[in-house]
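For reference, the chains in residue letters:
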Amino acid sequence: MIRKLEGSAEELKALMDAADDEAARKKREQELQWERWRREEDKRSEAKARTESLQQLSDIMADWTKALSVEMFFVEAEKRMQMVDGERRVHLESRLRLARSMLGDLDPLSFIEQWVSPEERYQRKFMDE
């Protein structure tokens, strides 16, 4: 009977060791799976930051083009105003100042200062890939 119990104890220990090994394997597998997910998410976030940054830069270039067009309009209006005299000129100068003030800052460089680069949007967590 003692031998039977000793055999059962050894068998039970072997089963417990196998269960512990299986639990450890599953834990490692889950940790690896989480690591893969975090790396994939990191790549997705980097790609998203790049896409958003490129879109913002494209929008800035379009705004810049509009700003230059508006500036050309004002330059041309000011040139033509040089040919106008008297009360009409005073009125037109006032209108031109009002129009400029409504449009705000048209300096194209201020647009690029607002741009956020991909690296400013997102910093990679995993640099080994």
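From a predicted model like this one, the values you see are computed outputs, not experimental measurements.

Draft legend 1. Main features of the overall build of the protein. The secondary structure content of the protein amounts to four helices and zero strands. For 129 residues, the compact-globule estimate of 2.2 N^0.38 gives 14 Å, and the C-alpha radius of gyration of the protein, at 35 Å, exceeds that figure by more than 25%. Here the C-alpha coordinates of the protein stretch approximately 125 × 25 × 15 Å along the principal axes. By residue count, 16% of the 129 residues in the protein fall in the buried class. Partitioning the intrachain contacts of the protein with sequence separation of at least 6 by distance along the chain shows that 80% fall at a separation of at least 24.

Draft legend 2. Up close: the packing of aromatic side chains. Under the criterion given, the structure shown has two aromatic pairs. Aromatic pair Trp34 and Trp37: ring centres 5.8 Å apart, planes at 80°, arrangement edge-to-face. Pair noted here: Trp34 and Trp37 are both in helix H1 (residues 2–81), with a separation of three residues, about one helical turn. Trp34 sits in the partly exposed class, given a relative accessible area of 48%. Seen in terms of ring centroids, Phe73 and Phe74 are 5.3 Å apart; in terms of plane orientation they differ by 70°. Their pairing is edge-to-face. Under the relative-accessibility criterion, Phe74 is labelled buried at 1%.

Draft legend 3. Seen up close, the environment of Pro108. With respect to the element layout, Pro108 can be found in helix H3 (residues 108–113). Here the alpha-carbon distance between Pro108 and Met127, two residues 19 residues apart in the chain, equals 35 Å. Setting aside anything within four residues of it in sequence, one finds Pro108 in contact with Trp64 and Leu68.

Draft legend 4. Looking closely at the pattern of salt bridges. Inspection of every chain in the model, using the stated rule, returns 14 salt bridges. Among the salt bridges present, the one from Glu46 reaches Arg124, with a minimum N-O distance of 3.1 Å. With Glu46 in helix H1 and Arg124 in the segment after helix H4 (118–121), this pair connects stretches of sequence that are 78 residues apart. The network of salt bridges with common partners includes Glu22, Arg25 and Glu29.

What counts as what
- Residues numbered from 1 in each chain as written.
- Predicted model: local features only at pLDDT ≥ 70, side-chain atom pairs only at ≥ 80, totals over all residues.
- Heavy atoms only, no water.
- Helix = DSSP H or I, 4+ residues; strand = E, 2+ residues; numbered from the N terminus.
- Rg over C-alpha atoms; globule rule 2.2 N^0.38 Å.
- Buried < 20%, exposed > 50% of the residue type's maximum accessible area, 1.4 Å probe, protein only.
- Contact = heavy atoms within 4.5 Å.
- Phe/Tyr/Trp six-rings, centres within 6.5 Å; stacked < 30°, edge-to-face > 60°.
- Salt bridge = Lys/Arg side-chain N within 4 Å of Asp/Glu carboxyl O.

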